[in-house]
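Structural characterization, general
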Amino acid sequence: MKNLSKILTSIFLLMIFGCSKEENIANNISNQTLEITTSGMDFVPKTLNCNVGDTIEFKLGASHNAVEVSADVYNIPNGTTPLENGFNIGYGESTYIIVSEAKTHYYVCQPHVPGMKGLIIVE
């Protein structure tokens, strides 16, 4: 009976500490902060790959904005129509977004299309 009690107590403790360990491992996976800047008439990088939960920090030059557009608008040479509920970062602004779902964000610098476009690919 004493051995059964020790075994059950050991199993119980392993379950508690086993769960805590897994939670700690999950909590130690940290999200990244990644940066998008401007150089001349380009976003740097032009394509940014990241993960859900990452923070994307925009540091734009004074004559540049970053406006999220749909894939269709992105593929039009001079398309600049903002995506409803998309991000819209003002000229020369330094700010950030946190990506919350796996998808591709298409964005442009409105006065500098067709050349100044970027992608954020969230996995």
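Remember, it's a predicted structure, so these values are computed and weren't measured experimentally. (Residues numbered from 1 in each chain as written. Predicted model: local features only at pLDDT ≥ 70, side-chain atom pairs only at ≥ 80, totals over all residues. Heavy atoms only, no water.)

**Observations regarding the packing of aromatic side chains**
Geometry of an aromatic ring pair is reported as the spacing of the ring centres plus the angle between the planes. Threshold: Stacked, tilted and edge-to-face pairs are distinguished by plane angle, under 30 degrees for stacked and over 60 for edge-to-face with tilted covering the rest, among Phe, Tyr and Trp rings (Trp via its six-membered ring) whose centres lie within 6.5 Å. Under the scheme used here, helices are H or I runs from DSSP no shorter than 4 residues and strands are E runs no shorter than 2 residues, and both carry numbers assigned from the N terminus. Each residue gets one of three labels from its accessible area relative to the maximum for its type: buried under 20%, exposed over 50%, partly exposed in between, using a 1.4 Å probe on protein chains only.
For the structure shown, the criterion picks out five aromatic pairs. A centroid spacing of 5.4 Å and a plane angle of 45 degrees characterise the contact between Phe58 and Phe87, whose relative ring orientation is tilted. On the criterion of sequence distance, the pair formed by Phe58 in strand E4 (residues 55-59) and Phe87 in the loop between helix H2 (71-74) and strand E6 (88-89) is long-range, its members being 29 residues apart. For Phe87, a relative accessible area of 10% puts it in the buried group. Where Phe87 meets Tyr107, the ring centres are 5.9 Å apart and the plane angle is 55 degrees; that geometry is what we call tilted. Taken together, the residues span a long stretch of sequence, with Phe87 in the loop between H2 and E6 and Tyr107 in strand E8 (residues 104-108) at a distance of 20 residues.

**Details of the pattern of salt bridges**
Inclusion rule: Here, a salt bridge means any side-chain nitrogen of Lys or Arg that lies within 4 Å of a carboxyl oxygen of Asp or Glu.
On inspection of all chains with the given rule, the structure shows two salt bridges. Glu35 serves as the salt-bridge partner of Lys59, at 3.0 Å between the closest nitrogen and oxygen. On the criterion of sequence distance, the pair formed by Lys59 in strand E4 and Glu35 in strand E1 (residues 33-39) is long-range, its members being 24 residues apart. Among the salt bridges present, the one from Lys46 reaches Asp42, with a minimum N-O distance of 3.0 Å. We classify Lys46 as partly exposed; its relative accessible area is 42%.

**Focus on the confidence of the model for the protein chain**
Convention followed: pLDDT is a residue-level measure of predictor confidence that goes from 0 to 100. Whether two residues are in contact is decided by their heavy atoms, any of which lying within 4.5 Å being enough.
Averaged over all residues, the pLDDT of the protein chain equals 85, while 76% of them reach at least 70. Ignoring residues within four places in sequence, the model shows residues 10-28, a span with pLDDT below 50, making zero contacts including any to other chains.

**Section: the sheet that holds E8**
As a reminder, the rule being used: Strand pairing follows a simple DSSP-based rule, namely that at least 2 bridges must link the two strands.
An order of E3-E9-E8-E5-E6 is seen for the five strands of this open sheet, with the pairing classed as mixed. A single partner strand is all that each edge strand has here, and the edge strands are strand E3 (47-50) and E6. Two strands pair when backbone bridges link them, and E3 and strand E9 (residues 117-122) are joined in this way by four bridges, in the parallel orientation. By the bridge assignment, Leu48 is partnered in E9 with Ile120.

**Notes on the sheet that holds strand E2 (residues 42-44)**
Heads up, the rule is: To obtain an axis, a line is fitted to C-alpha atoms, over the contacting stretch when the element is a helix, and the angle between two such axes runs from 0 to 180 degrees between their N-to-C directions.
Sheet architecture is open: four strands sit in the order E2-E1-E4-E7, paired in mixed fashion. With one partner strand each, in any of the chains shown, E2 and strand E7 (94-98) form the two edges of the open sheet. Adjacent strand axes in the sheet meet at a mean angle of 25 degrees when their direction is disregarded.

**Digging into the nonpolar core**
Nonpolar side chains in soluble globular proteins tend to end up buried together. Heads up, the rule is: Nine residue types can take part in a nonpolar core, namely buried Ala, Val, Leu, Ile, Met, Phe, Trp, Tyr and Cys, and a core is a set of them joined through side-chain atoms within 4.5 Å.
Ranked by size, the top nonpolar core spans 18 residues in total, and within it Ile56, Phe58 and Ile120 carry the most contacts. Where this core is concerned, the elements lending two or more residues are E1, E3, E4 and E9. Each residue touching Ile120, except ones within four places of it in the same chain, is listed here: Ile36, Leu48, Cys50, Ile56, Phe58, Phe87, Ile97, Val99, Lys103, Thr104, His105 and Tyr107. Formed by six residues, the second largest nonpolar core is a distinct cluster that contains Val69, Val73, Val113 and Leu119.

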